[in-house]
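# Observations on the three-dimensional arrangement
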Amino acid sequence: MTEDLLTRWRAEALEQDAAALEAYLAEALAAGGRAALRALAVTAGILRWAPEARARAVELAREALAGDDPEARWDALHLAHLGGLRELCDDVGEELGAGEDWVRARACEACAALDLQRFRAQLDAMRNEDSDWTVRRLCADALRLKGKVGPEGDLYARLRALLRTGVCESESGSKTDPATLGKFGLRLPPAFAGFLCEAIGGGRLRYAQGRLKGMSVTFSSPMQLVTELEATHADDVSKLHDYVWARYVEGERGYAEVDEDAALARYAARYDAGLIDTNAWNYGVLLFESAYRDDARRAEHLVRCRSVLEAYKRLAPEAWDVVDDRLEDAQESVQADGLRAAPAAPPIPVATWEGVIPVTAELYRSGVRASDPQSGETWTPAAALLVFLNDPQVGREASAAVPATRQEQALKLLEVCSQHMDGGHKRKAGRAFGDALELDASAAVVERAVSLLTRDDLNPLGAAQLLATIPLAGDKPSMKVVKQALSACPPDFAREVIEAAAPFDEPESQLALVINVAASLRTKSHAAVSDVARRIKSERGARQSRTVRNPWYGK
């Protein structure tokens, strides 16, 4: 059970942060210099670099190893190790004689990983003779483990290496067991849940070396999170519990009427801040039932339902068909339909920088936010939570590789989408496309999105399927974005897109949502598009649709 939870958190963390990580890396590589080297070091072991990124890593690492900046050389050694950059063996070997103990310690691991046979004698001598205890220990570990340090796909590899080599010192307690974390009734961003269980179980982390020497960040522990979040549980929602029980469990007819949208809002204020209690199943059940009365918010409700009920089951694992059946249906729907949703939710405190600046993350969205309690100013120190957890700092210099505006971030995501389309990676392209337009739907972003939809190598059905990655949440804002995109497409092309989707117009599918939007177009230039879409809608259900798997959905 423990390993199952960790495996799921790893997968969900990658799914949630992948597009932001790729945009962060692409932006940093374009900027070059120290930002590019750091971004490569942060994403090493998390992302699979494209050939051009690997070539850039070799170039930047070689340049850094020839320089005088010890932090840059440390990151270059980290790149060489995790990236398996064997062409850097000579450069890496030079670092075994480095003046800085923490750089030399990382060089021991890198040398053992790249060519143990070549460096065995030198490492064996250092194991016994080096002046620094950490270097001696890491030499011994590298020789014993034959150069391998940590599991492949380690989401927290850079932070672990910072701790191993003494760049950072942790004053935290023991790591949290996944089952124990569930018993606290916490629902956390998957990257942070895994972090508490695999890397640091909360507590203070202090920089002991480098330009940030003396600075510290304190990660929230499960008990701290419970204390900070439990204030959201002060309201009385017993009448809502009675309603859910009477209508959806007992099936009574004489239940007191309740505005279910208002009930969901009250439950969200109570449970979306991160805590789960023994009554949270009421929220999950109401989300599930609401998904089938509100088509526009079906995806959002099902994604939330899955998240809430899974957390509830970790708190109360006893079998109960009221919860188990709905959870199973929600899980199957989310997976089969490739549903994703990023509804707004109260931010969850994950850390405090220097005991003053709080750092928060959202349950459903990537990235972290920091805020100055004195000025009230808020900024984004990291585009993805996994970036912050591997490079925990909140200064503005940490944001140098992150686009300054939502529009710039969205445009960068569309560039990532274009690169994935060039490489034939449709799922990654679809995820970046949908995330970009969810992030920002300004005219410039929509114009760039349309240029991708109308690429010569994309047929009308492919364009319809790519367009269908936008309204996966089925909410009004995303439907508005689809409308903007269709309106910006040349009328003849937009009509071809809708006609290509017609054979696959299954009720409540994402392609059906696109057709619904097309039917609502009111501009004179797109009147023919609207006419075709209305005809398809009128025939919906009268013909047998052909199910088609959307290759653009990111999972």
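Computed from a predicted structure; not experimentally measured.

Bringing the state of the cysteines into the picture now. For the structure shown, the criterion picks out 0 disulfides. Summary of cysteine pairing: Cys168 is not part of a disulfide, and the nearest cysteine sulfur, belonging to Cys108, is at 19 Å. Note on Cys417: no disulfide assigned, nearest cysteine sulfur contributed by Cys489 at a separation of 14 Å.

Two elements in contact, helix α24 (residues 510-519) and helix α25 (residues 527-539), have axes whose closest approach is 7 Å; the angle formed by their N-to-C orientations is 130 degrees. Accordingly, the angle class assigned to the pair α24 and α25 is oblique. Here α24 runs over α25; the crossing is left-handed. Facing Ile515, Asn516, Ala518 and Ala519 of α24, the residues of α25 in contact are Val529, Ser530, Ala533, Arg534, Ile536 and Lys537. Among the residues forming the contact of α24 with α25, the class breakdown is 6 nonpolar, 2 polar and 2 charged.

Turning to the nonpolar core, a few remarks are in order. Counting residues in hydrophobic clusters, the biggest one holds 140 residues, and the most contacted among them are Leu79, Phe192, Phe195, Phe219 and Phe388. Sequence-distant contacts of Phe192, that is, excluding residues within four places in its chain, are made with Phe219, Ser220, Leu225, Val350, Leu385 and Leu389. Counting 54 residues, the second-largest nonpolar core is a separate cluster that includes Met421, Val481, Leu521 and Val532.

Time to look at the environment of Tyr248. Tracing the backbone through its elements, the reader meets Tyr248 in helix α12 (residues 238-249). Measuring from C-alpha to C-alpha, the distance between Tyr248 and Val285 comes to 7.7 Å, with 37 residues separating the pair along the chain.

Calculation notes
Residues numbered from 1 in each chain as written. Predicted model: local features only at pLDDT ≥ 70, side-chain atom pairs only at ≥ 80, totals over all residues. Heavy atoms only, no water. Disulfide = S-S within 2.5 Å. Axes fitted to C-alpha atoms, helices over the stretch in contact; angles between N-to-C directions. Helix = DSSP H or I, 4+ residues; strand = E, 2+ residues; numbered from the N terminus. Parallel < 35°, antiparallel > 145°, perpendicular 65-115°, else oblique. Left-handed = near helix turned anticlockwise from the far one by under 90°. Contact = heavy atoms within 4.5 Å. Nonpolar A, V, L, I, M, F, W, Y, C, P; charged D, E, K, R; others polar. Core = buried A, V, L, I, M, F, W, Y, C linked by side-chain atoms within 4.5 Å. Buried < 20%, exposed > 50% of the residue type's maximum accessible area, 1.4 Å probe, protein only.

That's the geometry; what it means functionally is another story.
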